[in-house]
Amino acid sequence: MHIAVTGGSGRLGRSVVRGLREAGLRVTSIDRTGSTDEQSVEADLTEPAQAAAILHKLRPDALVHLAAIAVPFSAPERTIFGVNTGMGFTVLEAAIEAGVTRILVASSPTVLGYGRPGWQPQSLPLDEHSEVQPHHAYALSKVVLEKMVSSFALAHPQTRLASFRPCYVVAPEEWQGAPTQQGHTIEERLASPELAAVSLFNYLDARDAASFVMAWLDADSAPSGRCYFVSAADVMAVTPPADLLSTYLPEIAHLSDQLSGNGSLFSIEAAAQDLGWAPTRSWRNQLPAAALERLGALTADPASTERTFH
Ligand SMILES: NC(=O)c1ccc[n+]([C@@H]2O[C@H](COP(=O)([O-])OP(=O)(O)OC[C@H]3O[C@@H](n4cnc5c(N)ncnc54)[C@H](O)[C@@H]3O)[C@@H](O)[C@H]2O)c1
């Protein structure tokens, strides 16, 4: 199977490309940022003519669309919305035209709107039925992309499509101390819970994101047009989240009794049921022992990382 990955030079894309190649698949990265990799193509995918020409030439079996302005407020709001939605439509249209039969598109958990003062989910853990409440252009662009995916799925039944919401992506080198996308290290993120509280302690090892992509590509009987949360099984916190809400997220602390253990606040049941996918990496099995010791997490009961919602 030949897979084209847009945004393959990015934080998430590099691990997805590597993971798919390690699984023996032929992968071509398409990115605006060049790569020395001979199986990469440099292109600006906001340009319809470029997108159409490349996909027509490559004619991949599957397309994984990751390219985006990936950080909220990193450009003017109008630019983020325009680039992400415009490029999404351009890439999807070109892929359908080129005969691609599987298309997977990156959305974001931020569609739910957490981080806004007064934000209230109806229940925890959050899942694909939780209300979307975007409050900035990045999140809104991802809501539109999800709708675009379900719309293309209706219009093109010969192609299987889905979107996915990867949680805060941790690249492999970040477990060893490389800075995360917000500049601090993972150990600092765990030592200062306010850093991860703004995103509800969510995270995902980039290699588990790659295994999700492979599971979705393989799942020929999975329904088209769906959206999936993709998260680590546990929270990025040393202390169980139910004990942290009153201090760091007081507006949703009344939902603490809906949580137990160290399970993620984002349900991955849909991906488990449709695709048989489950993450295998946790900060508890990825951080070096010295870092776990400094965090006082070395003696933690491994069973406490299991998802124990009620
Ligand atoms: N990193 C996260 O924690 C996270 C969380 C949720 C969702 N996502 C989504 O996952 C995807 C990948 O995120 P990331 O963290 O790897 O971002 P990133 O910024 O590291 O990578 C994005 C890549 O897209 C490329 N790109 C941007 N505009 C392009 C264009 N016009 N033409 C061609 N390529 C273009 C960039 O050059 C870059 O290599 C994005 O859609 C992002 O919104 C990421």
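Here, the structure is the one placed above.
Bear in mind that the values here come from a model prediction, so they are computed numbers and not experimental data.

Undergrad: Any chance you could explain the overall build of the protein here in plain terms?
TA: Looking only at helices and strands, the protein has 11 helices and nine strands in total. Over its C-alpha atoms the protein spans a radius of gyration of 19 Å, differing by no more than 12% from the 19 Å that the globule rule assigns to 310 residues. Seen through its principal axes, the protein has C-alpha atoms that stretch 55 × 40 × 40 Å. Buried residues in the protein amount to 53% of all 310 residues.

Undergrad: Would you mind showing me how to read the pairing of strand β1 (residues 2-6) here?
TA: Side-chain direction in a regular strand flips from residue to residue, so the side chains alternate between the two faces of the sheet. Burial within β1 is extensive, with five of its five residues counted as buried. Burial along β1 is two-sided: the face carrying His2, Ala4 and Thr6 and the face carrying Ile3 and Val5 are both buried. The pairing of β1 with strand β2 (residues 26-31) spans five bridges and is classified as parallel. If you follow valine 5 over to β2, its bridge partner there is serine 29. Tracing the backbone out of β1, into helix α1 (residues 11-22) and back to the parallel element β2 gives a crossover that is right-handed.

Undergrad: Would you mind showing me how to read the site of the ligand here?
TA: The full set close to the ligand counts 29 residues, and Leu12, Asp31, Leu66, Tyr138 and Val169 are the nearest of them. Glycine 10 places a polar main-chain atom, nitrogen or oxygen, 3.3 Å from an oxygen atom of the ligand. Between arginine 11 and the ligand, the recorded distance is 2.9 Å, taken from a backbone N or O atom to an oxygen atom. For the ligand, the protein covers 89% of the area, taking 830 Å² as the surface of the free molecule. Residue composition of the shell around the ligand, grouped by class: 15 nonpolar, nine polar and five charged.

Undergrad: Just to check I follow, could you spell out the sheet that holds β1 for this structure?
TA: Two pairing modes exist for strands in a sheet, parallel and antiparallel, and in both the strands are linked by backbone hydrogen bonds. An order of β3-β2-β1-β4-β5-β6-β9 is seen for the seven strands of this open sheet, with the pairing classed as parallel. One side of each edge strand has no neighbouring strand; the edge strands of this open sheet are β3 (40-42) and β9 (226-230). Across the sheet, the axes of successive neighbouring strands diverge by a mean angle of 20°, strand direction being ignored. Relative to β3, β2 runs parallel, the two sharing three bridges. Within β3, the position partnered with serine 29 by the bridge is serine 40. Sitting on the sheet, helix α7 (residues 206-218) touches β1, β4 (62-65), β5 (102-106), β6 (160-166) and β9, and the angle it makes with β5 is about 150°.

Undergrad: How should I be thinking about the pattern of salt bridges in this particular structure?
TA: A side chain with one charge may pair with a side chain of the opposite charge, provided their charged atoms come close. Counted under the stated rule, the structure contains eight salt bridges. For glutamate 174, the salt bridge goes to arginine 11, with nearest N and O atoms at 2.1 Å. Taken together, the residues span a long stretch of sequence, with glutamate 174 in the loop between β7 (169-170) and α5 (186-191) and arginine 11 in helix α1 at a distance of 163 residues. Look at glutamate 174 and you get buried, because its relative accessible area is 2%. Owing to a relative accessible area of 28%, arginine 11 belongs among the partly exposed residues under this scheme. Between glutamate 187 and arginine 294 there is a salt bridge whose closest N-O contact spans 2.7 Å. Highlighted residues: glutamate 187 in helix α5 and arginine 294 in helix α11 (residues 289-294), separated in sequence by 107 residues.

What counts, and at which threshold
Residues numbered from 1 in each chain as written. Predicted model: local features only at pLDDT ≥ 70, side-chain atom pairs only at ≥ 80, totals over all residues. Heavy atoms only, no water. Helix = DSSP H or I, 4+ residues; strand = E, 2+ residues; numbered from the N terminus. Rg over C-alpha atoms; globule rule 2.2 N^0.38 Å. Buried < 20%, exposed > 50% of the residue type's maximum accessible area, 1.4 Å probe, protein only. Pairing = 2+ DSSP bridges. Right-handed = clockwise from strand over helix to strand, strands pointing away. Near = heavy atom within 4 Å. Polar contact = N/O pair within 3.5 Å; in protein donor to acceptor, adjacent residues only side chain to side chain. Areas by Shrake-Rupley, 256 points an atom, 1.4 Å probe, with all protein chains shown as cover. Nonpolar A, V, L, I, M, F, W, Y, C, P; charged D, E, K, R; others polar. Axes fitted to C-alpha atoms, helices over the stretch in contact; angles between N-to-C directions. Contact = heavy atoms within 4.5 Å. Salt bridge = Lys/Arg side-chain N within 4 Å of Asp/Glu carboxyl O.

Function cannot be read off these values alone, since they describe shape.
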